[in-house]
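Close look at the chain arrangement
Read off the chains here:
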Amino acid sequence: MNKYFLSIISILLLFQSFKVFDEIFYHEEEGEGSKIFSEIEDEDSDISEEENEENEVVQKLDLDSLFVNFDIKKGEKVAKQCSACHDFSVNLKVKIGPPLWGVVGRKVAAINEFKYSDALVNFKKDWDRETLFYFLENPKEYIKGTKMIYKGLKKNSDRVNLISYLESLK
Ligand code: HEC
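This write-up is about the structure you can find in this document. (Residues numbered from 1 in each chain as written. Predicted model: local features only at pLDDT ≥ 70, side-chain atom pairs only at ≥ 80, totals over all residues. Heavy atoms only, no water.)

Taken together, 25 residues surround the ligand, and among them C82, C85, H86, S117 and M148 come closest. At 2.9 Å, a side-chain N or O of T146 approaches an oxygen atom of the ligand. Counted by class, the shell around the ligand contains 18 nonpolar, 5 polar and 2 charged residues. (Near = heavy atom within 4 Å. Polar contact = N/O pair within 3.5 Å; in protein donor to acceptor, adjacent residues only side chain to side chain. Nonpolar A, V, L, I, M, F, W, Y, C, P; charged D, E, K, R; others polar.)

Below, the discussion takes up the packing of helix 4 (residues 129-137) against helix 6 (residues 156-168). In the contact formed by helix 4 and helix 6, the axes pass within 10 Å of each other and the chain directions differ by 130°. In terms of their interaxial angle, helix 4 and helix 6 are classed as oblique. Our pair here, helix 4 against helix 6, has a crossing hand that is right-handed. Of the residues in helix 6, those touching helix 4 at R129, L132, F133, L136 and E137 are N156, R159, V160, L162, I163, L166 and E167. Considering only residue class, the contact of helix 4 with helix 6 consists of 7 nonpolar, 1 polar and 4 charged. (Axes fitted to C-alpha atoms, helices over the stretch in contact; angles between N-to-C directions. Helix = DSSP H or I, 4+ residues; strand = E, 2+ residues; numbered from the N terminus. Parallel < 35°, antiparallel > 145°, perpendicular 65-115°, else oblique. Left-handed = near helix turned anticlockwise from the far one by under 90°. Contact = heavy atoms within 4.5 Å.)

Note on the iron atom of the ligand: its protein donors are H86 (NE2) and M148 (SD). The metal-donor distances range over 2.0 to 2.2 Å. One can describe the donor arrangement at the iron atom of the ligand as octahedral, given that its 6 donor atoms subtend angles of 86 to 178° at the metal. Of this pair, H86 sits in the loop between helix 2 (72-78) and helix 3 (118-121) while M148 sits in the loop between helix 5 (139-142) and helix 6, and the two are 62 residues apart along the sequence. Relative accessible area serves as the criterion here: at 10%, H86 is assigned to the buried category. Judged by relative accessible area, M148 falls into the partly exposed class, the value being 22%. (Donors = N, O, S within 2.8 Å, 3.2 Å for Na, K, Ca; no water. Tetrahedral: all angles 85-135°; square planar, octahedral: opposite > 155°, others 65-115°. Buried < 20%, exposed > 50% of the residue type's maximum accessible area, 1.4 Å probe, protein only.)

Moving on to unusual backbone geometry. In this structure, L92 takes a positive phi of about 50° despite not being glycine. Within the secondary structure, L92 sits in the loop between helix 2 and helix 3. Residue classification places L92 among the partly exposed residues on the basis of a relative accessible area of 37%. A positive phi angle, close to 50°, is found at K124, a residue other than glycine. Looking at where K124 falls in the secondary structure, it is placed in the loop between helix 3 and helix 4.

Turning our eyes to something else, we now look at the packing of aromatic side chains. Inspection of every chain in the model, using the stated rule, returns 7 aromatic pairs. Where F114 meets Y116, the ring centres are 4.8 Å apart and the plane angle is 70°; that geometry is what we call edge-to-face. The burial state of F114 is the same as that of Y116; both residues are buried. Ring geometry for Y134 against Y142: centres 6.3 Å apart, planes inclined by 35°, an arrangement best described as tilted. Looking at Y142, the relative accessible area reads 28%, which means it is partly exposed. One Lys or Arg, R159, reaches over the ring of F133 and ends 4.2 Å from the middle of that ring. (Phe/Tyr/Trp six-rings, centres within 6.5 Å; stacked < 30°, edge-to-face > 60°. Lys NZ or Arg CZ within 6 Å of the ring centre and 35° of its normal.)

Attention now moves to helix 6. With 13 residues, helix 6 extends 18 Å between its outermost C-alpha atoms, agreeing within 8% with the 18 Å of an ideal straight helix rising 1.5 Å per residue. For helix 6, every residue scored as buried is listed here: R159, V160, N161, L162, I163, S164, Y165 and L166. (Expected span 1.5 Å × (residues − 1).)

Within the structure shown, the criterion is met by 5 salt bridges. The salt bridge involving K107 is made with D126; its shortest N-O contact spans 4.0 Å. With K107 in the loop between helix 2 and helix 3 and D126 in the loop between helix 3 and helix 4, this pair connects stretches of sequence that are 19 residues apart. The exposure class of K107 is exposed, given its relative accessible area of 56%. Judged by its relative accessible area of 36%, D126 is partly exposed. The salt bridge involving E141 is made with K144; its shortest N-O contact spans 3.3 Å. The exposure class assigned to K144 is exposed, which follows from its relative accessible area of 59%. (Salt bridge = Lys/Arg side-chain N within 4 Å of Asp/Glu carboxyl O.)

Laid out in structure tokens, this is it:
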């Protein structure tokens, strides 16, 4: 009886010491491991920052290269979708929306006779290729709170042609 008891105790002790050893070893390894892992993560985020910068450059370049091919006549056709609300003539008539003659390069919300939304008044930029390109893709998303009810032009080429047409109105 005593013999059995002793051997059970010693087995338990042995087992316990393995466990302790194992825990020390395992935890150390885990510590090392997570250090290495976080270093890898850091490196990763460096890479993605660089990639983001590259992407921004690429996006800007893309806009320029998109405007290499444009068709003012096609743009004029696309503009028919806008003419219910906008006057494109030199007479600068206010309709449901402000007149768009000379809009490219003009300050946003610059027509005194037109009552713009606060969203447009507070936008404080000029209408250049870039602002028009993204506004016309999805007006409500690009300037939240605009009262221009228009779903947007999804095709890049439609917007390039339309903006090129707008540029010709001067
Ligand atoms: C249903 C009427 C409607 C349609 C269709 C519409 N717009 Fe507008 N647009 C407006 C209104 C209203 C505003 C003023 C928005 C505000 O004050 O928030 C506006 C504002 C603008 C502005 C800002 C002008 C400025 O003086 O700052 C531009 C640019 C513009 N629209 C371009 C277009 C183009 C291009 C199209 C066609 C692809 C178009 N809109 C279609 C009603 C319309």
